Amino acid sequence: MYEKLEQCPSCKHTQFNNFLICKDLLASEESFALVRCTKCQLVFTNPRVSPDHLKDYQFSLDMGNQPFLVRQTYKHLYFSFYKEQLKSVFNYSQPTNILDLSNHHLSYSRFLSNKGWNVTSQPFDINNQDTFLDSLSKDKTQTYSSILCLNTLQRIYDVKRVIKLLRKKLNPEGYLFISLPNYQSIEAKHSQQSWPGYDVPRTQYHFNQQAFSIFLKANKLNLIDAIPITTYGRYLHFIQQLVLKEKISVKRLIEKTRQSNKLAKSDTADHSMYLYVLSK
Ligand SMILES: [Zn+2]
């Protein structure tokens, strides 16, 4: 049911430090240890739940019982987050053939399709990781001008195999877009084990900018840009309040928005998410 990693999944180093103990507040109430590789700084769950057992840890946020204003706020925050990521994609790519792996109920694919993009959807399925990998490996000759992997890579167990496949599927002039939460963000440091970005045991890997740049180098990908996604912090803060069953305060959310906007203007801030634009 559990598997222990003896090597860092990114750089194969064998020395880790204890990082945090996090509780699964959404499903099992079980606690999991996060460790940090002393060489590349990747943080990962260790020991972790074996992929076959992850289905025992699934949940869905029940918004139906929430007051109208809270449901509307959730919708607004989710769509702001979703649009901010796509806006950055549009700055780099014109409508073209695109592969979308993002696990967001196909919402990105649908949106892009409506905008005239030629979309192939292979959404990541956390409970069927082998099937996902098999379908991704099937057509080796098909390549894409853009590949989208938004808020998803951190949940894929065999992350190295996936990144190799994506590299092969990318046109020489194409862009690969990957968004990832940042465990070194101000919000993560402040919230510690209750930062929703850790989401144990469903999320396996946590990158900061350095850990991700080492991972990219090892996988022969070039970093073109790292774009802060400022709406993610607000979205996570809202989820955190729901999970901790705190009373949702719209006033506090507005305050949080102001703080995030201020943070976004600062060049030195460690934002809660980055959208990485990559080429090969
Ligand atoms: Zn490492």
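Report on the accompanying structure. (Residues numbered from 1 in each chain as written. Predicted model: local features only at pLDDT ≥ 70, side-chain atom pairs only at ≥ 80, totals over all residues.)

1. Regarding the sheet that holds strand β6 (residues 97-100)
Ordered in space as β7-β6-β8-β9-β12-β11, the six strands form an open sheet in which the pairing is mixed. Each edge of the open sheet is held by one strand with a lone partner, namely β7 (118-121) and β11 (222-228). Between one strand and the next, the sheet's axes are offset by a mean angle of 20°, whatever the strand orientation. The sheet contact formed by β6 and β7 spans four bridges and is parallel. Bridge assignment links I98 to a residue of β7, and that residue is V119. (Pairing = 2+ DSSP bridges. Helix = DSSP H or I, 4+ residues; strand = E, 2+ residues; numbered from the N terminus. Axes fitted to C-alpha atoms, helices over the stretch in contact; angles between N-to-C directions.)

2. So, the sheet that holds strand β10 (residues 205-206)
Taken in spatial order, the four strands make up an open sheet running β2-β3-β4-β10, and their pairing is antiparallel. Every interior strand has two partners, whereas the edge strands, β2 (16-23) and β10, have only one. Relative to strand β3 (residues 31-37), β2 runs antiparallel, the two sharing seven bridges. Looking at β3, one finds that N17 is bridged to R36.

3. Here's the deal with unusual backbone geometry
In this structure, P47 follows N46 across a cis peptide bond, with omega equal to -5°. With respect to the helices, strands and loops of the structure, P47 is situated in the loop between β4 (43-45) and β5 (48-49). The residue E29 is not glycine, and still its phi comes out positive at about 70°. Mapped onto the elements, E29 comes out in the loop between β2 and β3. Owing to 8 C-beta atoms within 10 Å, E29 belongs among the exposed residues under this scheme. Positive phi is not limited to glycine here, since Q41 has a value of about 75°. Relative to the helices and strands, Q41 is located in the loop between β3 and β4. (Buried ≥ 20, exposed ≤ 12 C-beta atoms within 10 Å, placed from the backbone.)

4. Remarks on the environment of K55
Tracing the backbone through its elements, the reader meets K55 in the loop between β5 and α1 (68-92). With 73 residues separating them in the primary sequence, K55 and N128 have C-alpha atoms 9.1 Å apart.

5. What about the pairing of β3?
With three bridges joining them, β3 and β4 adopt antiparallel strand pairing. Each bridged residue has a counterpart across the sheet, and for R36 the counterpart in β4 is V43. The antiparallel hairpin formed by β3 and β4 contains five residues in its connecting segment, where Q41 sits at a positive phi of about 75°.

6. Things to note about the pairing of strand β8 (residues 144-150)
Along β8, six of the seven residues are buried, which leaves the element largely enclosed by surrounding structure. Alignment of β6 against β8, held across three bridges, turns out to be parallel. Bridging from a neighbouring strand, D100 pairs with L148 of β8. Pairing between β8 and strand β9 (residues 170-181): six bridges, direction parallel. Bridging across to β9, S146 finds its partner in Y175. Where the polypeptide runs from β8 across helix α4 (residues 159-169) and back to β9, its parallel neighbour, the crossover connection is right-handed. (Right-handed = clockwise from strand over helix to strand, strands pointing away.)

7. Structural notes on α1
Relative to the 36 Å expected for 25 residues at 1.5 Å per residue, α1 spans 37 Å between its end C-alpha atoms, a close match to the ideal helical length. Those residues of α1 not exposed but buried are L77, F81, Q85 and V89. Looking at the buried positions of α1, the neighbouring elements they touch are β8, β9, α7 (231-243) and β12 (273-279). (Expected span 1.5 Å × (residues − 1). Contact = placed C-beta atoms within 7 Å.)

8. Comments concerning the environment of N91
With respect to the element layout, N91 can be found in helix α1. The exposed category is assigned to N91, around which 10 C-beta atoms lie within 10 Å. C-alpha separation for the pair N91 and L148, spaced 57 residues apart in sequence, amounts to 14 Å.

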